[in-house]
Amino acid sequence: MNHQQTQSAGDGALLRRYEYEDEWVVAADLGVDAENVSVDTVGETAIVVIEGSGEPVESEFDLPGTAESVSVANGVITVEGDR
């Protein structure tokens, strides 16, 4: 397993990337409720929109490939794909 961890300078979100022999996983800890988050993937990019009391906040992060699944639970976005 190969593990990479980065922290966004903008909003403090923690982003982790795990690469296995046959799949990869990217997880981002946003610390917000799932109903306030929407995630879309386009090619090798994840687009995250967080709705709050003010204007929506949009952020993007690169993926190591095309996403097969996306989930949001307990403030954590998990994106998975095949290698």
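Just above sits the structure.
What you see is a predicted model; the values in this text were computed from it and never measured.

The rules behind these values
Residues numbered from 1 in each chain as written. Predicted model: local features only at pLDDT ≥ 70, side-chain atom pairs only at ≥ 80, totals over all residues. Heavy atoms only, no water. Pairing = 2+ DSSP bridges. Helix = DSSP H or I, 4+ residues; strand = E, 2+ residues; numbered from the N terminus. Axes fitted to C-alpha atoms, helices over the stretch in contact; angles between N-to-C directions. Salt bridge = Lys/Arg side-chain N within 4 Å of Asp/Glu carboxyl O. Buried < 20%, exposed > 50% of the residue type's maximum accessible area, 1.4 Å probe, protein only. Core = buried A, V, L, I, M, F, W, Y, C linked by side-chain atoms within 4.5 Å. Contact = heavy atoms within 4.5 Å.

### So, the sheet that holds strand E6 (residues 57-62)
Thought 1: One open sheet holds the 3 strands; their spatial order is E4-E5-E6, and the pairing between them is antiparallel. Of all strands in the sheet, those with a lone pairing partner are strand E4 (37-42) and E6, marking the two edges. Each strand axis lies, on average, 20 degrees off the axis of its neighbour in the sheet, ignoring direction.
Thought 2: Of the pairings in the sheet, the one linking E4 to strand E5 (residues 45-50) comprises 6 bridges and is antiparallel in character. What sits directly across from Val 37, in E5, is Ile 50.

### Side note on the pattern of salt bridges
When their charged atoms lie close together, side chains carrying opposite charge are able to pair.
Thought 1: For the coordinates displayed, the defined rule picks out 2 salt bridges.
Thought 2: Residue Arg 17 pairs with Glu 19 through a salt bridge whose shortest N-O separation is 2.7 Å.
Thought 3: For Arg 17, a relative accessible area of 25% gives the class partly exposed.
Thought 4: One salt bridge connects Glu 19 with Arg 83, and the closest N-O pair in it is separated by 2.6 Å. Note that Glu 19 is positioned in strand E2 (residues 14-19) and Arg 83 in the segment after strand E8 (76-82), a separation of 64 residues in sequence.

### A word on the pairing of E8
Thought 1: Sheet analysis places strand E3 (residues 23-29) next to E8, joined by 7 bridges and oriented antiparallel. Bridge assignment links Val 26 to a residue of E8, and that residue is Val 79.
Thought 2: Where strand E7 (residues 69-73) meets E8, 5 bridges bridge the pair, whose relative direction is antiparallel. Looking across to E8, one finds that Ser 71 is bridged to Thr 78.
Thought 3: The turn joining E7 and E8, which pair antiparallel and follow one another in sequence, is formed by 2 residues; a positive phi near 55 degrees is taken by Asn 74.

### Here's the deal with the nonpolar core
As a rule of thumb, nonpolar side chains are buried together in soluble globular proteins.
Thought 1: Counting 11 residues, the largest nonpolar core consists of Trp 24, Val 26, Val 37, Ala 46, Val 48, Ile 50, Phe 61, Leu 63, Ala 67, Ile 77 and Val 79.
Thought 2: Of all the elements, E5 adds the most residues to this core, at 3 residues.
Thought 3: Leaving out residues up to four positions away in the same chain, Ala 67 has contacts with Trp 24, Thr 41, Gly 43, Val 79 and Glu 80.

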